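# Fold and contact review
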Amino acid sequence: MSFSAFLGTHVSLFLIIIINGIGECTLLHYADSRSNPLSLEKNIGRLPKDFQCHHMLKHLHNGARITVQMPPNIEGHWVSTSCEVRSGPEFITRSYKFYNNNTFKAYQFYYKDNHCTTPTYTLVIRGKLRLRQASWIIRGGTEADYQLHRIQIICHSELVAKEMSQRLNRSCRGVVGGGVSWEPNVSFDLWNEDMGCDCSRALNFAMHELQLMRVEKQYLHHNLDHLVEELFLGDIHTEPAQRMYYRPSSYQAALQNAKNHDHTCIACRIIYRSDEHHPPILPPKADLTIGLHGQWVSQRCEVRPEVLFLTRHFVFHDKNNTWEGNYYHYSDPICKHPTFTIYAKGRYSRGVHSNKVMGGTEFVFKVNHMRVTPMDVATASLLNVFNGNECGQEGSWQVGVEQDVTHTNGCVALGIRLPHTEYELFRMEKDARGRYLLYNGQRPSDGSSPDRPEKRATSFQTPLCQCSSTSQGSERGSHEIDRALRINSGSDTNCHIHWGTLSVLTMVYLLLFLS
């Protein structure tokens, strides 16, 4: 499928905008939907009561009662909520402490396995952080500068210590022990302000994730006694060798505040109590067999590189190995102002266990059918610019009116070519509440497509949550969602673009790629 192209959802449109007042707000509260008298919540609420998937999307489109601080207050202790997977693959948990004097101390715990039960080594990073301005690239994010003071490494076994000292001595000869093997559970400097060599480069290490951040607050289950704070830091380049040169344009999995975290998060409590000499060991879990069936939806408004915000709804028909995907794109980081939607479908192969990514399963996805619905004037205008049969019927696009673009082999304006094949990676987990979560492969940071086996992902995107074990009624429900989006965006009457606190004077769409 252009499944990563869709499942990952990536129509990379760059919005070049001139903005007034983006840095004026100190607190943005997104829970209020009064700016849209006909809110999506009310319209989706008309769906049959058994449409749990659409109920979950309704919650997201209503802002999910999220409060965002601008600029963010990051002082405190923030921890991973699970075993994270970075490209490579690398299995990691994080524990970051930010102090009121703008310094920070960050622990990165690395593991041998995908459940983070066998620690291999720990990096301890100290430095200073300075928040700058609201991001002009990622709406809702804040840019920051950082300066490192010291990087240390602690290995947790004799074998790892020996291998690591040999590896680093090749690039930092004479600095990391003169060829003598390190000892486990002893700290060694990879870099400090007095060293002439940065040995952390041999590990493809960078802390550029600190260059972009966002803090969200919400009360779980509308319980005022259960505040959860989440810190989103910048994404990591999918090519390890490029990490030190990459400036984030999206986010990693969120860290939670150790004082205000989800009480069901066992990993949070374990990581909070850990340090470089006592790395967190998470409870062992069995790998779940991937079962691509039923319906799956986003758990939050998702962020993609280059100014993309969206929610996803996927349906898998395991009897004939076909899939459907609904992608709802928005102009804002809480998914309240729709820009366009995509409906796609195709076929997928049987899964094969990955030999490269522990716990992963490999699939091949094909997409051969697609429909597009512009949800605002800007997107409809963009689609009407293209001449010939490159994206539906030339000059015929209207806000809120769906077109089938299969006969034009996709839509050049959105960077989508049909038919399309991608090599995918999946894994499945159960969360603390017993819900099934489905992860698919991370999109390449360079914007390319995993259209060859060697380009298959080795890390994962934000997970989808299973909302129904049946695939029945999926397409009818998607049309109801589209109708509700049209009403919510005002496209049933006089169409206009919602930009909240932003004053948009100029907007130019630059199409780059499907990512």
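In this text, all values refer to a predicted model and were calculated from it rather than measured experimentally.

### A look at the overall build of the chain
- Helix and strand counts for the chain come out as seven helices and 27 strands.
- For the chain, the residues scored as buried account for 59% of the 515 residues in total.
- Nonlocal contacts in the chain, meaning residues at least 24 apart in sequence, comprise 66% of its contacts between residues at least 6 apart.
- Carbon and sulfur atoms provide 49% of the accessible area of the chain, an area that totals close to 22,000 Å².

### A closer look at unusual backbone geometry
- At the junction of methionine 70 and proline 71, the peptide bond is cis and its omega measures out at 0° in the coordinates.
- The omega torsion across leucine 418 and proline 419 is -10°, close enough to zero to call that bond cis.
- On the secondary structure map, proline 419 appears in the loop between strand E23 (416-417) and strand E24 (420-430).
- The backbone of asparagine 102 sits at a positive phi, close to 75°, despite the residue not being glycine.
- Its location among the elements puts asparagine 102 in the loop between strand E6 (90-98) and strand E7 (103-111).
- According to the relative accessible area criterion, asparagine 102 is partly exposed, its value standing at 44%.
- In this model, cysteine 116 sits at a positive phi of 55°, which is unusual for a non-glycine residue.
- We classify cysteine 116 as buried; its relative accessible area is 0%.

### A word on the pattern of salt bridges
- With the rule as written, the count across this model stands at 21 salt bridges.
- Among the ionic pairs, arginine 94 bridges to glutamate 84, the shortest N-O distance being 3.0 Å. With arginine 94 in strand E6 and glutamate 84 in strand E5 (residues 84-86), this residue pair connects regions lying ten residues apart in the sequence.
- Residue classification places glutamate 84 among the buried positions, given a relative accessible area of 9%.
- For arginine 300, the salt bridge goes to glutamate 216, with nearest N and O atoms at 3.6 Å. Taken as a pair, arginine 300 in the loop between strand E14 (294-298) and strand E15 (302-304) and glutamate 216 in strand E11 (residues 212-219) lie far apart in primary sequence, 84 residues in all.
- Its relative accessible area of 9% is what places glutamate 216 among the buried residues.

### Overview of the state of the cysteines
- According to the stated counting rule, one finds six disulfides in the structure shown.
- Paired through a disulfide, cysteine 265 and cysteine 268 show a sulfur-sulfur distance of 2.1 Å. Taking the torsion about the sulfur-sulfur bond, which here is approximately 85°, the covalent link between cysteine 265 and cysteine 268 counts as right-handed.
- A relative accessible area of 8% places cysteine 265 in the buried class.
- The disulfide bridge from cysteine 391 ends at cysteine 411, spanning 2.0 Å between sulfur atoms. In this structure, the disulfide formed by cysteine 391 and cysteine 411 twists by about -85° around the S-S bond and is classed as left-handed. One end of the pair, cysteine 391, is in the loop between helix H6 (377-385) and strand E21 (403-404); the other, cysteine 411, is in strand E22 (residues 410-411), and 20 residues separate them in sequence.
- Of the residues examined, cysteine 411 reaches a relative accessible area of 0% and is grouped as buried.
- Going through the chain in sequence order and numbering each bonded cysteine, the pairs you get are 1-12, 2-3, 4-5, 6-7, 8-9, 10-11.
- As a non-bridged cysteine, cysteine 465 has cysteine 467 as the owner of its nearest cysteine sulfur, 7.3 Å distant.

### Focus: the pairing of strand E20 (residues 361-374)
- The buried fraction of E20 is high, at ten of 14 residues.
- In the sheet, strand E18 (residues 338-348) pairs with E20 via nine bridges, with the strands oriented antiparallel. Opposite isoleucine 342, over in E20, you have valine 372 as the bridge partner.
- Inspection of the sheet shows strand E19 (residues 352-353) paired to E20 by two bridges, in the antiparallel sense.

### Describing the side chain of histidine 317
- Secondary-structure assignment places histidine 317 in strand E16 (residues 308-317).
- In contact with histidine 317, other than residues within four places in its own chain, are Thr322, Glu324, Tyr348 and Ser471.

### Some words on the packing of aromatic side chains
- Considering all chains together, one arrives at 15 aromatic pairs under this definition.
- Centroid distance phenylalanine 314 to tyrosine 327: 4.9 Å. Interplanar angle 70°. Geometry classified as edge-to-face. Of the two residues, phenylalanine 314 sits in strand E16 while tyrosine 327 sits in strand E17 (residues 322-330), which places them 13 residues apart along the sequence. Neither phenylalanine 314 nor tyrosine 327 differs from the other in exposure class; each is buried.

### Some details on the nonpolar core
- Membership of the largest hydrophobic core comes to 39 residues, with the highest contact counts inside it found for Phe91, Cys116, Tyr251, Leu282, Val297, Phe309 and Phe460.
- Only helix H3 (52-61), E7, helix H5 (266-272), E17, strand E25 (436-440) and strand E26 (464-468) provide two or more residues apiece to this core.
- When residues no more than four places from it in sequence are discounted, the contact partners of phenylalanine 460 are Val85, Val357, Leu425, Phe426, Arg427, Tyr439, Asn440, Gly441 and Gln442.
- Ranked by size, the runner-up nonpolar core spans 36 residues in total, among them Ile125, Trp191, Phe205 and Leu210.

### What to know about the environment of aspartate 404
- Structurally, aspartate 404 can be placed in strand E21.
- When the C-alpha positions of aspartate 404 and methionine 370 are compared, they lie 6.1 Å apart, and in sequence the two are 34 residues distant.
- Once residues lying within four places of it in the same chain are set aside, the contact partners of aspartate 404 are His369, Met370 and Arg371.
- Reaching out from aspartate 404, the side chain makes a polar contact with the side chain of threonine 406 at a distance of 2.7 Å.

### Some details on the confidence of the model for the chain
- Per-residue confidence for the chain gives a mean pLDDT of 82; residues scoring 70 or more make up 78%.
- Counting interchain partners and residues more than four positions distant, the pLDDT-below-50 stretch residues 1-50 has 184 contacts.
- Residue range residues 489-515 is modelled with pLDDT below 50. Its contacts to residues more than four positions away, or to other chains, number 86 contacts.

Scoring rules and cut-offs
- Position labels on residues start from 1 in each chain and follow its written sequence.
- The predicted nature of this model means local features are confined to residues of pLDDT at least 70 and side-chain atom pairs, given and counted, to a pLDDT of 80 or more, with totals for whole chains, interfaces and linings taken over all residues.
- For the side-chain quantities, the full set of heavy atoms in the structure was used; hydrogens and water were omitted.
- A run of H or I in DSSP becomes a helix once it reaches four residues, and a run of E becomes a strand once it reaches two; helices and strands are each numbered from the N terminus.
- For the exposure calls, accessible area comes from a 1.4 Å probe over protein chains only, and a residue counts as buried if that area is under 20% of its type's maximum, exposed if over 50%, partly exposed in between.
- Only heavy atoms enter the contact rule, under which two residues are in contact if any of them lie within 4.5 Å.
- Each accessible area value is a Shrake-Rupley result obtained with a 1.4 Å probe; residue values ignore everything except the protein chains displayed when judging cover.
- Take a side-chain nitrogen of Lys or Arg and a carboxyl oxygen of Asp or Glu: if they are within 4 Å of each other, that pair is a salt bridge.
- Any two cysteine sulfur atoms lying within 2.5 Å of each other are counted as a disulfide.
- When DSSP finds two or more bridges between two strands, those strands count as paired.
- Between 30 and 60 degrees the pair is tilted, below 30 it is stacked and above 60 it is edge-to-face, where a pair is any two Phe, Tyr or Trp rings, Trp via its six-membered ring, whose centres lie within 6.5 Å.
- Buried Ala, Val, Leu, Ile, Met, Phe, Trp, Tyr and Cys residues that are joined via side-chain atoms within 4.5 Å together make up what is termed a nonpolar core.
- N or O atoms closer than or at 3.5 Å make up a polar contact, with two conditions inside protein: a donor-capable atom paired with an acceptor-capable one, and, for residues adjacent in sequence, both atoms drawn from side chains.
- pLDDT is defined as a per-residue confidence score from the predictor, taking values between 0 and 100.

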